[in-house]
Amino acid sequence: MKCPKCKGRMFAEKFYDFVRSFDAWKCTCCGEVIDPTILANRARNFNLFLG
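Residues numbered from 1 in each chain as written. Predicted model: local features only at pLDDT ≥ 70, side-chain atom pairs only at ≥ 80, totals over all residues. Heavy atoms only, no water.

> When you look at the pattern of salt bridges in this model, what are you seeing that I'm missing?
Two side chains carrying opposite charge are able to pair once their charged atoms lie near each other. Applying the stated criterion across every chain yields a total of 2 salt bridges. We note a salt bridge from Asp-23 to Lys-14, for which the minimum N-O separation is 3.5 Å. Residue class for Asp-23 comes out exposed when judged on its relative accessible area of 51%. The exposure class of Lys-14 is partly exposed, given its relative accessible area of 39%. Measuring nitrogen to oxygen at the nearest pair gives 2.7 Å for the salt bridge that ties Arg-42 to Glu-32. Note that Arg-42 is positioned in helix 1 (residues 36–45) and Glu-32 in the loop between strand 2 (21–27) and strand 3 (33–34), a separation of 10 residues in sequence. (Salt bridge = Lys/Arg side-chain N within 4 Å of Asp/Glu carboxyl O. Buried < 20%, exposed > 50% of the residue type's maximum accessible area, 1.4 Å probe, protein only. Helix = DSSP H or I, 4+ residues; strand = E, 2+ residues; numbered from the N terminus.)

So this is what it looks like as structure tokens:
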């Protein structure tokens, strides 16, 4: 997967919160993190529709 911000390589990583853990994609170059919640919020902010 390529990073939408810098076109660098992304890899899957597990992140931990105080209450839960979740999987997301992280860019090796710029550090951009993308998960389903981030994508949904960005789509809502730009008036885009998912699916």
